[in-house]
Amino acid sequence: MSQSIKPDGPAGTRARRGRPSAAKKLPAPAAPSRERAKLARAVLAAFQKLYPDADCGLGPRDPFGLLVATILSAQCSDARVNQVAPVLLKAYPHPAAMAAATEEDIAAIIRSCGFFRTKAKNIRGASARLVSSFGGETPRSMEDLLTLPGVGRKTANCVRGNAFRLPALTVDTHLGRISRRLGLTRHEDPDKVEADLGELIPEERWTLFSHQGIAHGRALCKSQKPRCDRCPLAAFCPYPSASA
Ligand code: SF4
């Protein structure tokens, strides 16, 4: 099952500007309680049964291609991104070519993805920074990725986890919601959710857990009407409707 991870806000509107926000420290997570640790183990086991093959829904897996696709995916379906990204990447296959294009050139190709002007600006800006600061390569460190226009922790984690195969907890709206319902965190702030999950989930499971959480959020633990009546996690989920 493929899952995509949306970038940080519509068209990367949480983009860091000026001083790199890499300097921003994650909040210290609360010490995991015995109960939360037990819950996390139960969730991991259930997810492994339900979604053993959960994966990123975006096509490109090379770092630059996935970075571009993730920026494109804000408020846009995976299917659409997977149609548009190859066209864009064929026209401008590497950061130098993308940086040399105009925003209008890029926007003309990505128009159907929505928020195309902001996305074109971010894609071109990120490409230019890759050329000017990273020798045309997409960096793998969180700190460096966060210096790119349009890239916040969610996008950076998507690239780290799925292109570089590094442990990465990508907290999108689905993973944040189910983590709260399951009692793994109390926080709304994705950075704080990430910190809490980082204490509870073994690092080697971070990337897969992110995909599994997104899969569960789409399949059963929906925003408006969670299907607790069908959910195997209802056996231990503390969310009120789970035991109704
Ligand atoms: S029991 Fe309900 S609230 Fe809990 S994880 Fe399943 S669908 Fe979500």
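Residues numbered from 1 in each chain as written. Predicted model: local features only at pLDDT ≥ 70, side-chain atom pairs only at ≥ 80, totals over all residues.

Novice: So what exactly am I meant to see when it comes to the overall build of the protein here?
Specialist: Secondary structure summary: the protein contains eleven helices and two strands in total. Listing every helix and strand of the protein by position from the N terminus yields β-α-β-α-α-α-α-α-α-α-α-α-α. A total of 244 residues make up the protein; the buried ones form 46% of that total. Nonlocal contacts in the protein, meaning residues at least 24 apart in sequence, comprise 69% of its contacts between residues at least 6 apart. (Helix = DSSP H or I, 4+ residues; strand = E, 2+ residues; numbered from the N terminus. Buried ≥ 20, exposed ≤ 12 C-beta atoms within 10 Å, placed from the backbone. Contact = placed C-beta atoms within 7 Å.)

Novice: In this structure, what is going on with the confidence of the model for the protein? I would like to understand it.
Specialist: In low-pLDDT regions, the fine details of the predicted coordinates are not to be read closely. Per-residue pLDDT for the protein has a mean of 89; in total, 86% of the residues score no lower than 70. Low pLDDT (under 50) marks residues 9–25, which in the prediction has 34 contacts with non-local residues, meaning those over four places away or in another chain. (pLDDT = per-residue confidence, 0-100.)

Novice: Any chance you could explain the nonpolar core here in plain terms?
Specialist: For soluble globular proteins, the rule of thumb is that nonpolar side chains tend to be buried together. The biggest cluster of nonpolar side chains holds 34 residues, and the ones touching the most others in it are Val-68, Leu-72, Val-81, Ala-85, Leu-88 and Ile-110. Among the secondary structure elements, those contributing two or more residues to this core are helix H2 (63–72), helix H3 (78–91), helix H5 (103–110), helix H6 (116–134) and helix H8 (153–162). For this core, the leading source of residues is H2, giving seven residues. Setting aside chain neighbours within four positions, we find Ala-85 in contact with Gly-59, Pro-60, Gly-65, Val-68, Ala-69 and Leu-72. Ala-168, Leu-197, Ala-215 and Leu-233 belong to the second largest nonpolar core, which has 25 residues in total. (Core = buried A, V, L, I, M, F, W, Y, C linked by C-beta atoms within 7 Å.)

Novice: What should I look at first to understand the environment of Leu-39 in this one?
Specialist: Of note, Leu-39 is situated in helix H1 (residues 34–50). Linking Leu-39 and Leu-184, residues 145 residues apart in sequence, is a C-alpha distance of 7.3 Å. Setting aside chain neighbours within four positions, we find Leu-39 in contact with Leu-182, Gly-183, Leu-184 and Phe-236.

Novice: Quick question: what am I supposed to make of the packing of H5 against H6 here?
Specialist: Relative orientation and spacing of two packed helices are given, respectively, by the angle between their axes and the distance between those axes. Where H5 contacts H6, the two axes come as close as 8 Å, and the packing angle between them is 125 degrees. Taken together, the axes of H5 and H6 are oblique relative to one another. Considering the relative orientation of H5 and H6, their crossing is right-handed. Contacts from Glu-103, Ile-106, Ala-107 and Ile-110 in H5 reach Phe-116, Arg-117, Lys-119, Ala-120, Lys-121, Ile-123 and Arg-124 in H6. Its residues placed into classes, the contact of H5 with H6 shows six nonpolar, no polar and five charged. (Axes fitted to C-alpha atoms, helices over the stretch in contact; angles between N-to-C directions. Parallel < 35°, antiparallel > 145°, perpendicular 65-115°, else oblique. Left-handed = near helix turned anticlockwise from the far one by under 90°. Nonpolar A, V, L, I, M, F, W, Y, C, P; charged D, E, K, R; others polar.)

Novice: I keep staring at unusual backbone geometry and nothing clicks. Help me out?
Specialist: The general pattern is negative phi for most residues beyond glycine and trans for most peptide bonds. Although it is not a glycine, Gln-75 adopts a positive phi angle of roughly 55 degrees. Tracing the backbone shows Gln-75 in the loop between H2 and H3. Taking the C-beta count within 10 Å as the criterion, Gln-75 has 14 such neighbours and is therefore assigned partly exposed. With a phi close to 60 degrees, Arg-165 is a non-glycine residue in the positive phi region. On the secondary structure map, Arg-165 appears in the loop between H8 and helix H9 (173–181). Residue Arg-165 is classed as exposed on the basis of its 11 C-beta neighbours within 10 Å.

Novice: Help me understand the packing of H9 against helix H11 (residues 206–219), please; the structure alone is not making it clear to me.
Specialist: H11 packs onto H9 with a crossing angle of 80 degrees between their chain directions and a minimal axis gap of 8 Å. As the angle between them shows, H9 and H11 are arranged roughly perpendicular. Between H9 and H11, the contacting residues are His-174, Leu-175, Arg-177 and Ile-178 on the first element and Ser-210, Gly-213, Ile-214, His-216, Gly-217 and Arg-218 on the second. A per-class count over the contact of H9 with H11 returns three nonpolar, five polar and two charged.

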